[in-house]
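# Fold and geometry: a report
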Amino acid sequence: MELPNLSDVSKRRKKFGLTQTELARSAGVSQSLIARIEAGSVDPRYSKVFAIFRALEEIPETVVYSEKIMTNDVVGVQTTMKLGDATKKMNNFGVSQMPVYEGDAIVGSISEEVILDQIGKGVDGKTLSTTYVKDIMEEAFPTVNPETPLSVCSALLEHNTAVIVSEKGSVKGIITKSDILKVVHE
């Protein structure tokens, strides 16, 4: 039987989107031991190494990946759509944010927050409804692949209203905070 290399600890931990503290807790060791192993500054006891790799082996059963929680049908708008039509689309589909496309490429995002901010700045509704989405859109949502761990998506949602799930340049789904909450129901 071939023993795993200690340099694999960092790679495997990052693959699963775990912090050193989370791995340490799962393995029953200290975070500082994980840090020293990853830095190559310690030659740990076999029992500690065994506990760490055992914890890493158990992770795939407990890690939830983006493809399991994403919403498959992504509702978006084109840059040339008027904001009045975009808000109707948001209401019809019950979404509060959408990616903005130029052709097939996502080039920005639009959300209730952006629209409400415009109203708060004194832009009247009639003027706003005839404004093009491209004129008030924000930057595009971050993009992850289908195998991205839930913990990474959750961290991205702390600063973004949505995350796009894409594979080989093709949009597969979208994740919002309400999608993250699905994990609690299971």
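The structure presented is a predicted model; accordingly, all values stated were derived computationally and were not measured.

Before going further, it helps to examine a negative patch on the surface. A cluster of acidic residues, E112, E113, E138 and E139, forms a negative patch at the surface. Tracing the backbone through its elements, the reader meets E113 in helix α7 (residues 112-120).

Moving on to the sheet that holds strand β4 (residues 143-144). The strand order across the open sheet built from three strands is β4-β5-β6, with neighbouring strands paired in mixed fashion. Of all strands in the sheet, those with a lone pairing partner are β4 and β6 (170-175), marking the two edges.

Running from amino to carboxyl end, helix α2 (residues 20-27) crosses helix α3 (residues 31-39) at an angle of 115°, the nearest separation of the two axes being 8 Å. One finds that α2 runs roughly perpendicular with respect to α3. The two elements α2 and α3 meet at a crossing, and its hand is right-handed. Two secondary-structure elements touch here, α2 through Q20, T21, L23 and A24 and α3 through Q31, I34, A35 and E38. In terms of residue class, the contact of α2 with α3 is built from four nonpolar, three polar and one charged.

So, how was this worked out
- Residues numbered from 1 in each chain as written.
- Predicted model: local features only at pLDDT ≥ 70, side-chain atom pairs only at ≥ 80, totals over all residues.
- Heavy atoms only, no water.
- Patch = residues over 30% accessible without salt bridge, like charges linked within 9 Å, V, L, I, M, F, W, Y side chains within 5 Å.
- Areas by Shrake-Rupley, 256 points an atom, 1.4 Å probe, with all protein chains shown as cover.
- Salt bridge = Lys/Arg side-chain N within 4 Å of Asp/Glu carboxyl O.
- Lys, Arg positive; Asp, Glu negative; His and termini not counted.
- Charge placed at Lys NZ, Arg CZ, Asp CG, Glu CD.
- Helix = DSSP H or I, 4+ residues; strand = E, 2+ residues; numbered from the N terminus.
- Pairing = 2+ DSSP bridges.
- Axes fitted to C-alpha atoms, helices over the stretch in contact; angles between N-to-C directions.
- Parallel < 35°, antiparallel > 145°, perpendicular 65-115°, else oblique.
- Left-handed = near helix turned anticlockwise from the far one by under 90°.
- Contact = heavy atoms within 4.5 Å.
- Nonpolar A, V, L, I, M, F, W, Y, C, P; charged D, E, K, R; others polar.

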